[in-house]
Amino acid sequence: MLLTRHAKERLVKRLAKRRKLKRVYLALWEFLERSKRIDVNDKVVIFTDGRKSLVCVRLECERLPLEEIRHRVEKIKRPYECVFLDGRLARETVPRKFVELIPEGEYCFYINREKRSLYIGSEGPLLAITLRPAKRKEREC
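None of the values given here were measured: they were computed from a predicted structure.

Caption draft 1: Inspection of the packing of aromatic side chains at higher detail. Taken as a whole and judged by the stated rule, the model has two aromatic pairs. Seen from their ring centres, Tyr 25 and Trp 29 are 5.5 Å apart, and the 45° between their planes marks the pair as tilted. Of the two residues, Tyr 25 and Trp 29 both sit in helix α2 (residues 21–34), four residues apart, roughly one turn of that helix. Judged by relative accessible area, Tyr 25 falls into the buried class, the value being 0%.

Caption draft 2: Here's a closer look at the side chain of Ser 35. Within the element layout of this structure, Ser 35 appears in the loop between α2 and β2 (36–39). Residue class for Ser 35 comes out buried when judged on its relative accessible area of 16%. In terms of polar contacts, Ser 35 uses its side chain to reach the backbone carbonyl oxygen of Phe 31, at 2.6 Å. Separated by 3.4 Å, the side chain of Ser 35 and the backbone oxygen of Leu 32 make a polar contact. For Ser 35, the residues in contact, after removing those within four places along its chain, are Phe 47, Thr 48 and Asp 49.

Conventions and cut-offs
Residues numbered from 1 in each chain as written. Predicted model: local features only at pLDDT ≥ 70, side-chain atom pairs only at ≥ 80, totals over all residues. Heavy atoms only, no water. Phe/Tyr/Trp six-rings, centres within 6.5 Å; stacked < 30°, edge-to-face > 60°. Helix = DSSP H or I, 4+ residues; strand = E, 2+ residues; numbered from the N terminus. Buried < 20%, exposed > 50% of the residue type's maximum accessible area, 1.4 Å probe, protein only. Polar contact = N/O pair within 3.5 Å; in protein donor to acceptor, adjacent residues only side chain to side chain. Contact = heavy atoms within 4.5 Å.

Take a look at the structure:
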């Protein structure tokens, strides 16, 4: 899961209490473990724990073997916000170094060069839009 700037600020304010990327993602994964997933439609997904709701949208990705991913990121020199969902790994680093930490296999791959973010995981990527108080129908679920 990738975060918009707004979602990251909301997570820092409401859950993580610190701005370090590792702490923000740790708080996010803890929230996801205790929450319920609601698929609103084919694009929007909401995770709710009864008090707070995380609103996300699905991102288009490619399913690639790790070798192809290495080939695509080898020329990138600037640090990116890199997320490996399966290993619960999130770092701000050069993608080529980050890909070395990932075991062999076939993964969903998403890269946004403009926002400098990279996602690798067995499931398709989600982009967290905001963390807000849960609505009544979300509290009842």
